[in-house]
Structures are given as structure tokens and as C-alpha cells.
Amino acid sequence: MYGTWLILPIFFPLLGGLMASQITTLRVRRPVVSAILVLELVLVLPTVFFDAQPYTALELVPGVRIVLQADPLGRLFAVLVCVIWFCAAFFAYEYMNHEGHRERFFGFFLMTLGALMGICFAGNLVTLYLFYELMALCSVPLVLHIGTRKAFDAAWWYLAFSVAGASLGLLGQFFLQGYCTTDLFTPGGVLDPQFAAQDRSFLLVVFLVMAVGFGCKAGMFPLHAWLPLAHPVAPAPASAVLSGLITKMGVLAILRVAYYLYGWEFLSGTWVQRTVLTLALITILMGSTLALREDTLKKRLAYSTVSQVSYVVYGLMLLNPAALEGALFQAVFHAIAKNALFMATGAIIYKTHLTQVSQMRGVGTAYGISMWFFAIASLSLVGIPPTGGFLSKWMLAQGALDAGLGLLSYGGIAILMVSALLTAGYLLPIVTQAFFPGKDFDRSHVVKQQDTWLMWITVFALTVAVVLLGMFPGLLQRAVDSVVGPLFPV
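Computed from a prediction, not measured in an experiment: that's the story for all the values here.

Criteria and cut-off values
- Residues numbered from 1 in each chain as written.
- Predicted model: local features only at pLDDT ≥ 70, side-chain atom pairs only at ≥ 80, totals over all residues.
- Heavy atoms only, no water.
- Helix = DSSP H or I, 4+ residues; strand = E, 2+ residues; numbered from the N terminus.
- Buried < 20%, exposed > 50% of the residue type's maximum accessible area, 1.4 Å probe, protein only.
- Contact = heavy atoms within 4.5 Å.
- Salt bridge = Lys/Arg side-chain N within 4 Å of Asp/Glu carboxyl O.
- Phe/Tyr/Trp six-rings, centres within 6.5 Å; stacked < 30°, edge-to-face > 60°.
- Lys NZ or Arg CZ within 6 Å of the ring centre and 35° of its normal.
- Axes fitted to C-alpha atoms, helices over the stretch in contact; angles between N-to-C directions.
- Parallel < 35°, antiparallel > 145°, perpendicular 65-115°, else oblique.
- Nonpolar A, V, L, I, M, F, W, Y, C, P; charged D, E, K, R; others polar.

Participant: Is there a simple way to think about the environment of Val 81 in this case?
Facilitator: The residue Val 81 is located in helix 4 (residues 72-95) in this model. Of the residues examined, Val 81 reaches a relative accessible area of 1% and is grouped as buried. Expressed as a C-alpha distance, the spacing of Val 81 and Leu 245, which sit 164 residues apart in the sequence, is 6.5 Å. Setting aside its immediate chain neighbours within four residues, Val 81 contacts Leu 113, Leu 116, Met 117, Leu 245 and Met 249.

Participant: Whenever I open this one, the pattern of salt bridges confuses me. Can you help?
Facilitator: Close approach of charged atoms allows side chains of opposite charge to pair. Taken as a whole and judged by the stated rule, the model has 3 salt bridges. The salt bridge partner of Asp 183 is Arg 65, with a shortest N-O separation of 2.9 Å. Of this pair, Asp 183 sits in the loop between helix 7 (149-176) and helix 8 (193-198) while Arg 65 is found in strand 2 (residues 64-68), placing the two residues 118 residues apart along the sequence.

Participant: When you look at the packing of aromatic side chains in this model, what are you seeing that I'm missing?
Facilitator: Pairs of aromatic rings are described using the distance from one ring centre to the other and the angle between the two planes. Within this structure, the stated rule accounts for 23 aromatic pairs. Taking 5.7 Å as the distance between ring centres and 35° as the angle between the ring planes, the aromatic pair formed by Tyr 93 and Phe 106 counts as tilted. Here Phe 106 lies in helix 5 (residues 102-120) and Tyr 93 lies in helix 4, a separation of 13 residues in the sequence. The same class applies to Tyr 93 and to Phe 106, which are both buried. Relative to Phe 109, the ring of Phe 106 has its centre 6.5 Å away and its plane inclined at 75°; by these criteria the two rings are edge-to-face. Taken together, the residues Phe 106 and Phe 109, both in helix 5 and 3 residues apart, mark about one turn of the helix. Of the two residues, Phe 106 and Phe 109, neither departs from the other in class, the shared state being buried. Members of the aromatic cluster, each reached through a chain of ring pairs, are Trp 85, Phe 86, Phe 90, Tyr 93, Phe 105, Phe 106 and Phe 109. Taking the ring centre of Phe 266 as reference, the NZ or CZ of Arg 200 above it sits at 4.5 Å. Directly above the aromatic system of Trp 226 lies the positively charged group of Lys 217, at a separation of 5.3 Å from the ring centroid.

Participant: Got a minute to help me understand the packing of helix 4 against helix 15 (residues 321-352) in this structure?
Facilitator: Helix 15 packs onto helix 4 with a crossing angle of 5° between their chain directions and a minimal axis gap of 11 Å. If you check the angle between helix 4 and helix 15, you find them roughly parallel. Residues Leu 73, Leu 76, Phe 77, Leu 80, Ile 84, Cys 87, Ala 88, Phe 91, Glu 94 and Tyr 95 of helix 4 touch helix 15, and the partners they reach there are Leu 328, Ala 331, Val 332, Ala 335, Ile 336, Asn 339, Met 343, Gly 346, Ala 347 and Tyr 350. Classifying every residue of the contact of helix 4 with helix 15 by side-chain character gives 17 nonpolar, 2 polar and 1 charged.

Written out as C-alpha cells, the structure reads:
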């Protein structure tokens, strides 16, 4: 009976989105959307406390079925998505006032949440693929919302990259079927030892194809180009969830394939492990470098996401418990900090209509609250204590040392350090110029404005979370240990 409960957090926001898309009255839409999101949290929370057997929701054809399960990994990501999605909606209530078609935005916003829940609670690769594609389809309207030519071009590339990446994952599913003992995601992997040993080289190639495909959504090189195209044109609440949460679904998919289908022991020490690690390190360095050169603020943050999410891919592909723990902490802390960063940026753009980094001079003197939130979230991305970003990057470095992969370990730590310096270089000058514009700055042109409370209270909550969780990581430790423990049994 409990297994059927998992259907509710998936289909409730999908149906709620269809309903919200028909509500054109502001006074009605806000309480309805809020009620849907609160009820979604209520539906997800029981999965944290109760275990259940995988539930077969539908058998498409013999051997191909849609299976739902709430394992520790799915729970962690589901709760993270639900909480931050609620924050993003609260922020959007005010921000979307200056945008048209608000009912359409909130409709697809809720439907995208349902698709993400399907990915989190997917019990096998077929289910993950179906909801992965649904996520792309539901989130495309969020990218093209403003309806400009740039928005349509960005949405087209976003959809094309998403479908191409997911198709590579589906291709892997076709090849893996004959080698697996079950279709269910299982800690430690499900490859049949006898058959897998005979075609080991072939299966490693299949894994690389799947990693590159799902890495597209995570913004990993070479299929990363959609991120800097989609973010600048999407409304700030959409940019926040695209960067902070939807990219994590690519990470979740890679993690499922590596640890729950193949098993880390099958991949450890192979050329494919080294290849994916190399791609992740290239992405980390490339994203930071491109961000440093970019003047459009939201595009700079998009390149930052390209870099920061690949920290997670690097950690999970080191294939040891310390690194995986660091990767999971990085996934959580980046999701919180990047949502705070995009929302703080959106609040500034909402009031000032300034979109370029070069235009941020003196903004902090007029719009200080949001700029302080921007500053603290930036410190987390750089990795400055006591923010969560410091903790996760420290754990990733420790995991790299424990992996003992020579150049990929020591070189990886060096790249993480260089990337941290570059991150400081492309984020902190924005803060210093905003608060300290210089003696020659004409303050008469600065109009002091009150921060909109619906916006700043949301960003405040996320900013406090990234600091408190960095100071008290034990609040997350149990959830992370419940994921790592079964994958690396003592």
C-alpha cells in the first residue's frame, strides 16, 4: 500500500500545474500554488521515515516497467528539490509581477516539479528516462517565457541538448539489458559477473556514452553549451531552479548508473573512470575561466554553474566513500547557494533593470540587503568558511587524496584550488564594486530603494541555510551516510 503513495508526489504537482495554468487571478493563484507546494512537502516527508519495496506502477511490455522506489538517494534529492522549489515559488510571486503570462509560468513550474520527483523516485532506468524527458519538455516553456527571439533560440538549444543527452542514456539502456540480473537500481550494481566479464571493454564504452549523455544536463563538457544560452533569457526564478536543481538531475542519473547499475568496483581503475574525471576537470577549469571573461551577470552565473556542478561529477567518479560524501554535500550546498545567488541577482535586476557586471558599481549602496545575500552565497561558491561550500570542497580534496589516482588526484586538487581563485575573481569584485564604488562615483544618480519582502525573505532563508549547514554539517550527515553506507559496506 505504501508503494502506491509514491505516485502522489509525482502526479499531484503535474495535475496542480495544469490547474494553476488556468488561474488568471493573482489573489487566487498565489494561495493555490502555495497550497500545492505545501501539500507536496507533506506527501514527500513520509518517504523519509518509512521504507517500502519497489512499486511497479505500470508494465509497458513484458520486461519494461515503470517502477517507483524511495531509497536514501532519492529521498535526499526529493527533499532538497521540494524545499528549494517552495522558496523559488515564493520569490516568483513578486518577481513575475513584471512578466506576462504568469499563469503559464506557474503551471509549467509545478509540472516540472512533478517530473523531478519522478526522477528522484525512479526505481529503474526506464522510469528515470521517461521522467527525464518529461522534465525537459516541462521546463522548456520556462526558458522561452519572455517570448523574444533569443528566448526561442535558447529554448530550442536547451531542448535539443536535453533530448540528445537523454537519448544517449536510453541507448545505454538498450545495451545493458542483457547484462543485468534485475532492472532495479540496486546499491553495488546489478551486472551479471559472468556476462559482464566477457564484454568488459564494451560495457565501459557504454558507460562513457551514458555518462556523457546524462552529463549534458549537469553542464559537463562537451555538452554544456545550453547553460549559458538558457540562463540569461529565463526569468530569475526559472534560472535559479535550472542552475541549482535541474542540473542535479544529470548528476543523479550518472550516480544511478555508476553506483546502482554498474557498481563502483567494476569501474574503479579503468580508462573510463579516468576519462570522465578528465572531462569533469576540464569543465571545472573551463567554466571558471569563461565566467571570469563574461560581462552579462546571469551568463557569468551560468558559466559558474558549468564549473561548480562538475565538482560533483568529479567527486562521484573518484569512486571512494570520502569523495562521494563530498560530492553529495557539494550537490546540496551548490543547490542552496546558487538559488540564493540567482534570486539575489533577480531581485537587483527587478528593481534596477541592470543586467551587466560592469553596471553593478554602487548598487550595494542602494540595494544593500540583496547584495549582502549575493556576497554570502558567493563566499560559499568560492569555498570560504564557515559556509557549506568550504566543507564540501575540503571533503572532495580529501577524497581525491584517498583515491590515489596520481595526476588525476593531485592535479584535480590543484584545479579545484585554481577554480576557487577564479570563482573569487569573477564574483567578489562584483560585491566590492557594489559596496565601494570609489570617490569619483556620482551618488546623486543612486536612488535608494526598499527591498521587496517577498523576495528578500526567501533569499535570506537560503543564505542562512548555506551558512548554518556549513557550521553544523551533522544536520545533513545522517542523510548522506544513509546513501554512502550501502554503496561502500564495511
